[in-house]
Number of protein chains: 2
Amino acid sequence: MATYGGPMVNSGLEGVVAATTRLSHVDGERGELVIAGYQVGELAAHATFEETTWLLWHGELPSNAQLESFRATLAAARALAPATIALLRECARANLAPMDALRAAAGTISLRSEEPAVIVACFPTIVAAYWRLTKGMEPLAPRSDLGHAAGFLSMLNGEVVDPERVRGLETYLNTVVDHGLNASTFTARVITSTGSDLVSAVVGALGALKGPLHGGAPGPALDLVFEIGDAARAEPVLRAKIEAGEKLMGFGHRVYKVRDPRADVLAQAAERMFTRAGDMSLYTLARSVEATAIRLLEEYKPGRRLQTNVEFYTALLLHGLGLDVSLFTPAFAISRVSGWIAHALEQQRANRIIRPQSEYAGPLDRRWVPLSQRMEVEQRI
Amino acid sequence: MATYGGPMVNSGLEGVVAATTRLSHVDGERGELVIAGYQVGELAAHATFEETTWLLWHGELPSNAQLESFRATLAAARALAPATIALLRECARANLAPMDALRAAAGTISLRSEEPAVIVACFPTIVAAYWRLTKGMEPLAPRSDLGHAAGFLSMLNGEVVDPERVRGLETYLNTVVDHGLNASTFTARVITSTGSDLVSAVVGALGALKGPLHGGAPGPALDLVFEIGDAARAEPVLRAKIEAGEKLMGFGHRVYKVRDPRADVLAQAAERMFTRAGDMSLYTLARSVEATAIRLLEEYKPGRRLQTNVEFYTALLLHGLGLDVSLFTPAFAISRVSGWIAHALEQQRANRIIRPQSEYAGPLDRRWVPLSQRMEVEQRI
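Just so it is clear, the model here is predicted, and its values are computed rather than measured.

1. Some points on the overall build of chain A
Line of reasoning, step 1. For chain A, the count of helices and strands is 16 helices and five strands.
Line of reasoning, step 2. Compactness check: chain A gives a C-alpha radius of gyration of 22 Å against a globular reference of 21 Å for 381 residues, within 12% of the reference.
Line of reasoning, step 3. Each principal axis of the C-alpha atoms in chain A carries an extent, and together these give about 75 × 55 × 45 Å.
Line of reasoning, step 4. Residues classed as buried in chain A amount to 61% of the 381 residues present.
Line of reasoning, step 5. Of all intrachain contacts in chain A linking residues separated by at least 6 positions in sequence, the fraction that spans at least 24 positions is 74%.
Line of reasoning, step 6. Total accessible area on chain A stands at roughly 13,800 Å², and carbon and sulfur atoms take up 51% of it.
Line of reasoning, step 7. Of the charged side chains in chain A, 38 are positive and 41 negative; the average position of the first set lies 4 Å away from that of the second.

2. Focus on the side chain of Ser 338 of chain B
All names here are of chain B.
Line of reasoning, step 1. Assignment of secondary structure puts Ser 338 in helix 16 (residues 328-349).
Line of reasoning, step 2. The class of Ser 338 is buried, set by a relative accessible area of 0%.
Line of reasoning, step 3. Apart from the residues within four sequence positions on either side, Ser 338 is in contact with Phe 49, Thr 53, Trp 57, Val 120 and Val 177.

3. Re the pairing of strand 3 (residues 32-35) of chain B
Residues and elements named next belong to chain B.
Line of reasoning, step 1. Direction of pairing for strand 2 (residues 24-27) relative to strand 3: antiparallel, over a ladder of four bridges. Note on strand 3: the bridge partner recorded for His 25 is Val 34.
Line of reasoning, step 2. Between strand 2 and strand 3, which pair antiparallel and follow one another directly, the connecting turn spans four residues, one of which, Gly 31, has a positive phi of 70°.
Line of reasoning, step 3. Inspection of the sheet shows strand 3 paired to strand 4 (residues 38-39) by two bridges, in the antiparallel sense.

4. With respect to the sheet that holds strand 4 (residues 38-39) of chain A
Line of reasoning, step 1. The strand order across the open sheet built from three strands is 2-3-4 (chain A), with neighbouring strands paired in antiparallel fashion. In this open sheet, the two edge strands, each paired with only one partner strand, are strand 2 (24-27) and strand 4 of chain A.

5. Notes on the packing of aromatic side chains
Residues and elements named next belong to chain B.
Line of reasoning, step 1. Within this structure, the stated rule accounts for 13 aromatic pairs over all chains.
Line of reasoning, step 2. A ring pair is formed by Trp 54 and Phe 70, whose centres lie 5.8 Å apart and whose planes are at 65°; its orientation type is edge-to-face. Residue Trp 54 is found in helix 2 (residues 49-58), and its partner Phe 70 is found in helix 3 (residues 64-76); the two are separated by 16 residues along the sequence.
Line of reasoning, step 3. Relative accessible area serves as the criterion here: at 3%, Trp 54 is assigned to the buried category.

6. Some points on the interface of chain B and chain A
Line of reasoning, step 1. Listed per partner, the contact involves 117 residues of chain B and 117 residues of chain A.
Line of reasoning, step 2. Summing both partners gives a buried area of about 11,100 Å² for chain B against chain A, and 59% of it is carried by carbon and sulfur.
Line of reasoning, step 3. Where chain B touches chain A, the interface holds 11 salt bridges.
Line of reasoning, step 4. At the boundary of chain B and chain A, one finds 54 residue pairs in polar contact (both at pLDDT 80 or more).
Line of reasoning, step 5. Counting residues per element, the side of chain B that touches chain A draws most heavily on helix 10 (residues 198-209) of chain B, which supplies six residues.
Line of reasoning, step 6. When the residues that make up the side of chain B that touches chain A are grouped by side-chain class, the tally is 57 nonpolar, 38 polar and 22 charged.
Line of reasoning, step 7. Bridge analysis of strand 1 (residues 17-21) of chain A against strand 5 (residues 357-360) of chain B gives four bridges, and the strand direction is parallel. The residue of strand 5 of chain B that forms the bridge with Thr 20 of chain A is Glu 359 of chain B.

7. Some details on the domain arrangement of chain A
All names here are of chain A.
Line of reasoning, step 1. Each domain of chain A was delimited in the assignment, giving domain 1 (45-211 + 330-349) and domain 2 (218-320).
Line of reasoning, step 2. For domain 1 versus domain 2, the distance between C-alpha centres works out to 28 Å.
Line of reasoning, step 3. If you look at the interface, domain 1 gives 11 residues, while domain 2 gives 13 residues.
Line of reasoning, step 4. Both faces combined, the contact of domain 1 with domain 2 buries some 1,000 Å², and carbon together with sulfur accounts for 69% of it.
Line of reasoning, step 5. Ranking the residues of domain 1 by area buried against domain 2 places Tyr 172, Thr 175 and His 179 at the top, with a combined share of 47%.
Line of reasoning, step 6. Linking domain 1 with domain 2 are one salt bridge, by the criterion used here.
Line of reasoning, step 7. Across the salt bridge formed by Asp 162 and Arg 276, the nearest N and O atoms sit 3.3 Å from each other.
Line of reasoning, step 8. Between the two partners, domain 1 and domain 2, sit one residue pair in polar contact (both at pLDDT 80 or more).
Line of reasoning, step 9. Those elements that place two or more of their residues in the side of domain 1 that touches domain 2 are helix 8 (163-175) and helix 16 (328-349).

8. As for helix 12 (residues 231-243) of chain A
All names here are of chain A.
Line of reasoning, step 1. When the terminal C-alpha atoms of helix 12 are compared, their 19 Å separation across 13 residues agrees well with the 18 Å that a helix rising 1.5 Å per residue should span.
Line of reasoning, step 2. Regarding helix 12, its N-cap is Asp 230, as a side-chain oxygen of that residue lies 3.0 Å from the backbone nitrogen of Ala 232 further along.
Line of reasoning, step 3. A positive phi of about 80° marks Gly 245, the residue just after helix 12.

9. Description of the pattern of salt bridges
Line of reasoning, step 1. Under the counting rule described, the total for this entry stands at 51 salt bridges over all chains.
Line of reasoning, step 2. Among the ionic pairs, Glu 159 of chain A bridges to Arg 165 of chain A, the shortest N-O distance being 3.8 Å.
Line of reasoning, step 3. Exposure remark for Glu 159 of chain A: the relative accessible area of 40% places this residue in the partly exposed category.
Line of reasoning, step 4. Residue Glu 290 of chain A is joined to Arg 259 of chain A by a salt bridge in which the shortest nitrogen-to-oxygen separation is 2.6 Å. Here Glu 290 of chain A, found in helix 14 (residues 281-300), pairs with Arg 259 of chain A, found in the loop between helix 12 and helix 13 (261-277); they are 31 residues apart in sequence, far enough to count as distant. Taken as a pair, Glu 290 of chain A and Arg 259 of chain A share a single burial class, namely buried.
Line of reasoning, step 5. Linked by salt bridges that have partners in common, Glu 114 and Asp 197 of chain A together with Asp 100, Arg 103 and Lys 210 of chain B make up one network.

10. Describing the relation of the copies chain B and chain A
Line of reasoning, step 1. Superposing chain B onto chain A takes a rotation of 180° plus a shift of 0.0 Å along the axis, which leaves an RMSD of 0.0 Å. Such a combination of rotation and displacement between the chain copies is what one expects of a two-fold axis. When each C-alpha of chain B is compared by its distance to the rotation axis, Gly 204 of chain B comes out closest, at 1.9 Å.
Line of reasoning, step 2. A share of 100% of the interface residues of chain B reappears at the interface of chain A, consistent with the copies meeting face to face through the same patch.

11. Notes on the sheet that holds strand 2 of chain B
Line of reasoning, step 1. With antiparallel pairing, the three strands of this open sheet are ordered in space as 2-3-4 (chain B). The open sheet is flanked by strand 2 and strand 4 of chain B, the only strands paired with a single partner.

12. Quick notes on the state of the cysteines
Line of reasoning, step 1. Overall, the coordinates contain zero disulfides over all chains when judged by the stated rule.
Line of reasoning, step 2. Cysteine Cys 91 of chain A remains unbridged, with the sulfur of Cys 91 of chain B as its closest cysteine sulfur at 14 Å.
Line of reasoning, step 3. Owing to a relative accessible area of 0%, Cys 91 of chain A belongs among the buried residues under this scheme.

So, how was this worked out
Residues numbered from 1 in each chain as written. Chains lettered and ligands numbered in written order. Predicted model: local features only at pLDDT ≥ 70, side-chain atom pairs only at ≥ 80, totals over all residues. Heavy atoms only, no water. Helix = DSSP H or I, 4+ residues; strand = E, 2+ residues; numbered from the N terminus. Rg over C-alpha atoms; globule rule 2.2 N^0.38 Å. Buried < 20%, exposed > 50% of the residue type's maximum accessible area, 1.4 Å probe, protein only. Contact = heavy atoms within 4.5 Å. Areas by Shrake-Rupley, 256 points an atom, 1.4 Å probe, with all protein chains shown as cover. Lys, Arg positive; Asp, Glu negative; His and termini not counted. Charge placed at Lys NZ, Arg CZ, Asp CG, Glu CD. Pairing = 2+ DSSP bridges. Phe/Tyr/Trp six-rings, centres within 6.5 Å; stacked < 30°, edge-to-face > 60°. Buried area = accessible area lost by both parts, 1.4 Å probe. Salt bridge = Lys/Arg side-chain N within 4 Å of Asp/Glu carboxyl O. Polar contact = N/O pair within 3.5 Å; in protein donor to acceptor, adjacent residues only side chain to side chain. Nonpolar A, V, L, I, M, F, W, Y, C, P; charged D, E, K, R; others polar. Domains from an automatic or database assignment. Expected span 1.5 Å × (residues − 1). Least-squares fit on C-alpha atoms with pLDDT ≥ 70 in both. Disulfide = S-S within 2.5 Å.

Right, here's the structure in full:
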């Protein structure tokens, strides 16, 4: 058993290897991400999201027959229980943030099933329904004749969906589907390690993804580009921010010390999207902001190797796909849920309950004091 | 930074110290549990659950004025949102397990508030309402004139609650409120570490507690006593089980190598409960089963030091309190939610995102194969 020599506290668990996985490999020094054996660029550009999900759950790409069967299973499982829709209406009335509504609604999937395919199938329906409800529109029924990515886009606006937009979304979903033991994936594994079910694992993971230190800041990364507005303003605006001690949203990652490999994949997809739409101005501006930011970060923080991260091009691509900023983190969840489930299934196959230790730093040997003899103490919360 | 020398995988995180805490201290060798400075026996027998919760959240016992104010806050926050009740009705119709219903309903507390007191106040209401719905009875409205423990008992059957039963429940709730970095508490801290909210942390923790390797088996521990039925049968029945390789429910704990200190506290409370009820037969039988089990476990597994754990006397006490077996794990949650929130607040005060690493054991350098050229592979799930 690997242990520390004494009670050394590692509150972030950095460097602690908590699982063996066949799902993804993050090499922060080389800037590589391997998903079930494929470089992320190799997989993301080719696969449908159904193929990527199957790959993670089974370890191999599906055959034609397996893929057809899996697509049909997912397509048949998209409709939500009436209680889930009713809950989403209440969430909209209470003005809940989209990720809170998604977490609450995902918790009701148990009403229908705890099957992996059902959970994955419900996510786009929940996200699209809630987005429409918050805009004062009725949810649209899911279509069973479309794939997972196209189905999601169709439920947002009911439009016939352009195949290029579907390809763009599919590339995004494939790119962010899994990424080692990030906090939400780790949460899913800890919950699964107690012998709990997949809905519990996924709902816990959603709670972690929701946190601003994890689910990230694709909205703010785009805000930065809009705020700059003109390539000529990039340098003065960014200098002012860095000198004021502001963190530049979209740059820097705890793991990657070179460019996040996902940034390239998403940048290429974004470029295709904007080229097709015929207006490259935002894309060109973003590239210019990126180049300036990296140059200035190296100038002000030499050796820190702060690079563009996945959030920067996520924002650009999803914006190019026509998604509202409020849909950015939910879209991340629509993808990552396949990874969470893959990790939960992997955990089940070789399980050991995950139970670290804590170091106690509080008082000892206190004696009970009756209420009448107590002093008033300052409240901590 | 503390790291392993290489990619040594510690899949259970045993021996890894993942947090510093002032909340509880588990000494498995000495058989001690300290809760915010008090030995569990010292605290459990004296405190109301409101005092214990306050102690965990603020580090000190409350003054009279603070306690009155906290009791009033909790009492005023007990009613559920109509959407939560509606969801519980659907859960009952779908025959969900009580812990699934509690997890789903707890996820809707965000409709009302994310305040610690609101979350804790709602738990007994949810558990009691669901229990009544599954028995075909309408939920009872919470009473604001009762304490937390009495309020829960009153919502089950609407009876005037005997103070001795309230004291018994309160002792139970105090005893299991916190226990180091168990899997559900660790889940709450991981979720909180991303900057997420308390409802997300608590819902994730509920998912972990639900797992049979964690939330435990107080039902089966009682089943064992009922199955034996007569002290004279204890030895042959237990011998047969041990020789058949069956695990004896209620004995053995990953941390405690001597008697779980909580077992004594709960045994004493159970004894008072049964003494008062005037029928000691089940209690006497249980003590006899316990003594025989420990003797036989030492005979068959010498040196393993398998001792009575908290589940054994939890079962006896909660049964003595008149709680249905289906309420045992939910009652655990009614207590532990105060501990989860205390850990989440502690995590917030000195936060670092919890993100361990994984070791990749899968293939590398796979190349994309078009659908038409793929072989069919065996499905893993």
